[in-house]
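# What the coordinates show
Each chain is listed here by its residues.
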Amino acid sequence: MVSIKLYVEGGGDTRDLKSACREGFKTFIEKAGLSGMMPRIVTCGGRDKAYDKFKIAHVNQEEISLLLVDAERPFRQSGSWRHLQEAPDEWSRPDGATDDQCHLMVEIMESWFLADREALKDYYGQDYRENALPQNPRIERVAKDDVLDGLNRAARDTSKRGYDKGSHGFEILAKLDPKIVQNASPHAKRFIEALFKLGQS
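All of these numbers come straight from a predicted model, not from anything done at the bench.

Moving on, we come to the packing of aromatic side chains. Enumeration over the complete set of coordinates arrives at seven aromatic pairs. Judged by centre distance (6.3 Å) and plane angle (80 degrees), the rings of Phe113 and Tyr163 are edge-to-face. Here Phe113 is found in helix α4 (residues 109-113), whereas its partner Tyr163 is found in the loop between α6 (144-155) and α7 (165-175), with 50 residues between them in sequence. Considered together, Phe113 and Tyr163 belong to a single accessibility category, that of buried residues. Ring centres of Tyr123 and Tyr124 lie 4.9 Å apart, and the angle between their planes is 85 degrees; on these two criteria the pair is classed as edge-to-face. The exposure class of Tyr123 is buried, given its relative accessible area of 9%. What links up through ring pairs into an aromatic cluster is the set Tyr123, Tyr124 and Tyr128. The ring of Tyr123 has Lys160 lying over it, and the distance from NZ or CZ to the ring centre is 4.5 Å.

And the structure:
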């Protein structure tokens, strides 16, 4: 079976946060049905670091390397590599890198949370206000500031006093139903399908 290494944006610079990030993505991917084909997850902190580490691994070609980062802005239906080649990123596509190696969370990881509202309700519990979330079912069309503002307002009156990316983000990711997320996010579906395809090769 082919060895796959996934370079993900997230985890900051602390050991605890990197561990939480790794566990969040690991659980999400396992729940998608990939427990026997799991990639090794490398938490990279910032998205620039994720791209740099991916490039080095791709050049060395010791295993198949995948990149997963936030889109950070509206996706223009131009392909993931093309999106990252545009300003302000201006990242070049490494020689030989395929479309299956580049994946985006559109616009941000928290966009996926909007798909599984039951998971959010379960996580925040009493006094959670679901109606404060953006109501657009096309979650990839919701601007990142609106996603974060909605999550914060929805959780403001709960015991957690709002949404905190470091404390809450990866715990919520682990609670999501990947099927629900894939139904709402074409990019999440593309990501999971790529892992299946590569894991079976």
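Read on for the rest.
All right, on to the side chain of Arg73 then. Counting through the fold element by element, Arg73 comes out in the loop between β3 (64-70) and α3 (80-85). Owing to a relative accessible area of 15%, Arg73 belongs among the buried residues under this scheme. If near-sequence neighbours (up to four positions away) are discounted, Arg73 is found in contact with His83, Leu84, Glu86, Ala87, Pro88, Asp89 and Glu107.

If you look at the biggest cluster of nonpolar residues, it comprises 44 residues, and the most contacted ones within it are Phe25, Trp112, Phe113, Leu173 and Leu176. Elements that contribute at least two residues to this core include exactly β1 (4-8), α1 (15-34), β3, α4, α5 (117-124), α6, α7 and α9 (186-199). Ranked by residue count, the leading element in this core is α1, at six residues. Ignoring sequence-local partners within four residues, the contact set of Phe113 consists of Leu120, Leu151, Tyr163, Gly169, Ile172, Leu173 and Leu176. Formed by 18 residues, the second largest nonpolar core is a distinct cluster that contains Val42, Ala50, Ala57 and Val69.

This brings us to unusual backbone geometry. Residues Ala87 and Pro88 are joined by a peptide bond in cis, for which omega reads 5 degrees. The backbone phi angle of Glu90 is positive, close to 55 degrees, even though this residue is not glycine. Structurally, Glu90 can be placed in the loop between α3 and β4 (102-105). For Glu90, a relative accessible area of 58% corresponds to the exposed category. For Asp127, which is not glycine, the phi dihedral falls at a positive 70 degrees. Within the fold, Asp127 resides in the loop between α5 and α6. Among the residues examined, Asp127 registers a relative accessible area of 46% and is labelled partly exposed.

With that settled, consider the pairing of β1. For β1, the buried fraction is high: five of the five residues fall into the buried class. Neither face of β1 is open: one carries Ile4, Leu6 and Val8, the other Lys5 and Tyr7, and all of them are buried. Note: β1 against β3, five bridges, orientation parallel. Within β3, the residue paired with Tyr7 across the bridge is Leu67. Two strands pair when backbone bridges link them, and β1 and strand β2 (residues 40-43) are joined in this way by four bridges, in the parallel orientation. Residue pairing across strands places Lys5 opposite Arg40, the latter belonging to β2. Running through α1, the crossover from β1 to the neighbouring parallel element β2 is right-handed.

What counts, and at which threshold
Residues numbered from 1 in each chain as written. Predicted model: local features only at pLDDT ≥ 70, side-chain atom pairs only at ≥ 80, totals over all residues. Heavy atoms only, no water. Phe/Tyr/Trp six-rings, centres within 6.5 Å; stacked < 30°, edge-to-face > 60°. Helix = DSSP H or I, 4+ residues; strand = E, 2+ residues; numbered from the N terminus. Buried < 20%, exposed > 50% of the residue type's maximum accessible area, 1.4 Å probe, protein only. Lys NZ or Arg CZ within 6 Å of the ring centre and 35° of its normal. Contact = heavy atoms within 4.5 Å. Core = buried A, V, L, I, M, F, W, Y, C linked by side-chain atoms within 4.5 Å. Pairing = 2+ DSSP bridges. Right-handed = clockwise from strand over helix to strand, strands pointing away.

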